[in-house]
Every structure is written in C-alpha cells, then in structure tokens.
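Structural overview for review
Residues per chain, in single letters:
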Amino acid sequence: MKVTIFHNPRCSKSRETLQLLQAQGIEPEIVEYLKTPPTFSELEQILQKLDLQPRQLMRTKEPEYVQLGLDDESLSREALIDSMINTPKLIERPIVLANDKAAIGRPPEAVLAILTP
C-alpha cells in the first residue's frame with residue numbers, strides 16, 4: 001500500500017501523524033509541501049477525495065490569507081487553488097493519501113480510517 005503524507009516537520013500535528021503512521025508499520029512517502037507544493041491537478045484530486053471546497057482546506061488564520069484577499073467570496077475555485085500552490089503555508093496539514101482516499105490529520109487518528117481498503 002502506497003501512503004503519502006503532505007508534511008510540515010515544524011507542525012506538531014504533522015509530526016504526530018507521521019509517528020502514528022510509522023507506529024502502524026507504514027513508511028509513507030513524505031512530501032514536504034512547503035518545499036514541493038502539490039500541482040494544481042494534485043490539489044484538485046485531494047480536494048475531491050476530501051470532499052472539500054478549496055477554502056475549507058485553507059489555513060484562514062494565516063496573515064497571508066487576508067493579505068492576499070482570499071476572504072473575497074467572489075474568488076473562483078481555480079484562484080483559490082492557485083493561491084494555495086503559490087503560498088503553500090495556506091494548505092491545512094497534514095494531508096495523508098492512501099487507498100485512493102485522503103484524510104487530514106487533525107486529529108492525527110483521523111488518518112487511520114483511510115488505511116484500510
């Protein structure tokens with residue numbers, strides 16, 4: 001089973017989620033998304049798997065959210081996804097992909113549900 005974690009090593013929830021996966025005997029592919037942001041199509045697929053709208057995956061309390069005017073309700077889905085790619089710290093973390101499903105590790109135990117096919 002291939003498992004991928006979009007990880008920020010400076011985030012406690014991200015570290016806890018990675019440790020939880022490793023405790024399950026899983027060595028996931030680690031994507032440090034601040035260094036290597038997902039592509040537009042990857043982020044679109046993640047949103048579909050999470051059944052979320054782009055703004056629901058955004059860290060709206062980050063100063064960049066307001067600075068970039070992302071609280072503007074008229075922004076298109078594409079504009080919001082582009083903003084997450086261009087400013088990846090706006091992406092909620094961690095995101096785990098497994099079995100063609102996705103979960104956000106908040107709390108870290110939330111990812112356990114997608115580990116079984």
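The preceding data block contains the structure.
Everything quoted here is computed from the prediction, not taken from an experiment. (Residues numbered from 1 in each chain as written. Predicted model: local features only at pLDDT ≥ 70, side-chain atom pairs only at ≥ 80, totals over all residues. Heavy atoms only, no water.)

Structural notes on the overall build of the protein
Counting its regular elements, the protein contains four helices and four strands. Secondary structure of the protein in N-to-C order comes out as β-α-β-α-α-α-β-β. Here the C-alpha radius of gyration of the protein, 14 Å, is about what a compact globule of 117 residues would show, namely 13 Å. Taking the principal axes of its C-alpha atoms as reference, the protein extends roughly 45 × 25 × 20 Å. Within the protein, the proportion of its 117 residues that are buried is 48%. Taking contacts inside the protein between residues at least 6 apart in sequence as the whole, the part at least 24 apart equals 61%. Roughly 6400 Å² of accessible area belongs to the protein as shown, and the carbon and sulfur atoms make up 49% of that amount. (Helix = DSSP H or I, 4+ residues; strand = E, 2+ residues; numbered from the N terminus. Rg over C-alpha atoms; globule rule 2.2 N^0.38 Å. Buried < 20%, exposed > 50% of the residue type's maximum accessible area, 1.4 Å probe, protein only. Contact = heavy atoms within 4.5 Å. Areas by Shrake-Rupley, 256 points an atom, 1.4 Å probe, with all protein chains shown as cover.)

Considering the nonpolar core
One recurring pattern in soluble globular proteins is that nonpolar side chains are buried together. Membership of the largest hydrophobic core comes to 22 residues, with the highest contact counts inside it found for Leu 43, Ile 46, Leu 57 and Ile 95. Residues contacting Leu 43, with those up to four places away along its chain left out, are Pro 38, Leu 57, Ile 81, Met 84, Ile 85 and Ile 91. Counting twelve residues, the second-largest nonpolar core is a separate cluster that includes Ile 5, Leu 21, Ile 26 and Leu 115. (Core = buried A, V, L, I, M, F, W, Y, C linked by side-chain atoms within 4.5 Å.)

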